[in-house]
Amino acid sequence: MSTILITGGTGLIGKPLSKELVAQGHEVIILTREKKTSTDSRTRFAEWDPMTGKIDLEAILAADYIIHLAGAGVAEKRWSKKRKQEIVDSRVKSGELLVKTLKAHPNKVKALISASAIGWYGLDPRVPNPRPFTEDDPAADDFLGQACVAWEHSLDGLDNTATRLVIYRTGIVLSTEGGALKEFMKPLRFGLATILGSGRQVISWIHIDDMVRLYTTAITDASIHGVFNAVAPAPISNKDLLLKLAKLERKNSFIPIHVPAFALKIAMGEMSTEVLKSTTVSCDKLHISGYTFLYPTIDATLKNLLEKP
Ligand SMILES: NC(=O)c1ccc[n+]([C@@H]2O[C@H](COP(=O)([O-])OP(=O)(O)OC[C@H]3O[C@@H](n4cnc5c(N)ncnc54)[C@H](OP(=O)(O)O)[C@@H]3O)[C@@H](O)[C@H]2O)c1
């Protein structure tokens, strides 16, 4: 059994991941910015502050694996200049701090497995039947694309070390505990299926259980290294997803409404580009690595997440 240190382990992915790792018999250390105490004997908290360079060295040296999830929420607040800087710094400074600490101290960390995002890719090319983005495609020249470049590059220093590096360019994680799905569900309480813009934009998503399983697989399978797109095989348009959700939650008692792109731009500012843009991402590399999805289709995913027993 191993000791796994998770940065940002208090978040949407980190919580179920920690639980799963403990269930598999591992010890978990959550590296967090706030002092916390654990009620579970196999999980403990350690502190850091990527902005000042403070880090609990003992926790790093205890780790056999590091999972790096920390980062300021991309969709949490309007993208002011200050917020954008926070989104980048929280990822880049934390990554650099991990690498610097690992390089400065002999350690037993076998692999560092980090989140990145499919924000790396830009808009789907405007040609008929565009091919999905693969890991070799260049980064978009927009804010998120360049933020992902800086995020991934912050870990470059591990290249010449014995620590295996895995990066998951993560799609929209579907979970009932938070994130995009919870936001999509809110208007349904009032019987409204709110389709964003034209609704034709493609969402590349992944079930939370598959996301957790990808992290645990990267621990146990030493052949996994490099960058992988973490998305399910069946991306879906915003409209189709919203209508499927509405039918599951409200049967036929809902009204589909389009929120026009200009209204989203006014309400969300630059961040609206993220909900309006179409990004179709390939998971072929995951398949080739041998990964089998628990939830490859959106129907199986929504049924699992939303249907009450
Ligand atoms: N969920 C998705 O759909 C999705 C999609 C693409 C990529 N990702 C990426 O995957 C990672 C994990 O996702 P998640 O949904 O679990 O994220 P999350 O719920 O927002 O949690 C991220 C964690 O990062 C830490 N954090 C927040 N602000 C920070 C800051 N300014 N500086 C340093 N640490 C900070 C927090 O931990 P403490 O407060 O304990 O320090 C927080 O619990 C993130 O980097 C995210 O960008 C997620």
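Scroll up to find the structure.
So, a few notes on the structure that sits alongside this text.

Parameters at a glance
- Residues numbered from 1 in each chain as written.
- Predicted model: local features only at pLDDT ≥ 70, side-chain atom pairs only at ≥ 80, totals over all residues.
- Heavy atoms only, no water.
- Phe/Tyr/Trp six-rings, centres within 6.5 Å; stacked < 30°, edge-to-face > 60°.
- Helix = DSSP H or I, 4+ residues; strand = E, 2+ residues; numbered from the N terminus.
- Buried < 20%, exposed > 50% of the residue type's maximum accessible area, 1.4 Å probe, protein only.
- Lys NZ or Arg CZ within 6 Å of the ring centre and 35° of its normal.
- Core = buried A, V, L, I, M, F, W, Y, C linked by side-chain atoms within 4.5 Å.
- Contact = heavy atoms within 4.5 Å.
- Near = heavy atom within 4 Å.
- Polar contact = N/O pair within 3.5 Å; in protein donor to acceptor, adjacent residues only side chain to side chain.
- Areas by Shrake-Rupley, 256 points an atom, 1.4 Å probe, with all protein chains shown as cover.

**A few points about the packing of aromatic side chains**
Taken as a whole, this structure holds five aromatic pairs when the rule is applied. Consider the rings of Tyr 121 and Phe 133, whose centres lie 5.0 Å apart with planes at 10°: the pair is stacked. Note that Tyr 121 is positioned in the loop between strand S6 (111-117) and helix H4 (143-153) and Phe 133 in the loop between S6 and H4, a separation of twelve residues in sequence. For Tyr 121, a relative accessible area of 0% corresponds to the buried category. With a centroid separation of 5.1 Å and 90° between ring planes, the pair formed by Tyr 291 and Phe 293 is classed as edge-to-face. Overall, Phe 293 belongs to the buried group, its relative accessible area being 8%. An aromatic cluster is built from Tyr 168, Tyr 215 and Phe 228, whose rings are joined through pairwise contacts. Its guanidinium or amino end placed over the ring of Trp 151, Arg 91 lies 4.6 Å from that ring's centre, counting from NZ or CZ. Over the ring of Trp 120 we find Arg 169; its NZ or CZ atom is 3.7 Å from the centre of that ring.

**Considerations on the nonpolar core**
Counting 73 residues, the largest nonpolar core has Ile 67, Ile 113, Tyr 168, Met 211, Tyr 215 and Leu 245 as the members making the most contacts within it. Ile 67 has contacts with Ile 4, Leu 5, Ile 6, Thr 7, Leu 17, Leu 21, Ile 113, Tyr 215 and Ile 219, leaving out every residue within four places of it along the chain. Counting residues in hydrophobic clusters, the runner-up holds 22 residues, among them Ala 63, Ile 66, Ala 70 and Leu 112.

**Side note on unusual backbone geometry**
Working note: non-glycine residues mostly have negative phi, and peptide bonds are mostly trans. Although it is not a glycine, Lys 251 sits at a positive phi angle of roughly 55°. Counting through the fold element by element, Lys 251 comes out in the loop between helix H7 (238-250) and strand S14 (255-259).

**Describing the site of the ligand**
Contacts to the ligand come from 22 residues, most closely from Thr 10, Ile 13, Thr 32, Arg 33 and Arg 91. Taking Thr 10, its side chain carries an N or O atom lying 2.7 Å from an oxygen atom of the ligand. Here an oxygen atom of the ligand sits 2.7 Å away from a polar atom, N or O, in the side chain of Arg 91. Its free accessible area being 880 Å², the ligand has 83% of it covered by the protein chains. Mapped onto the shell around the ligand, the elements with two or more residues apiece are helix H3 (81-104), S6 and strand S8 (172-174).

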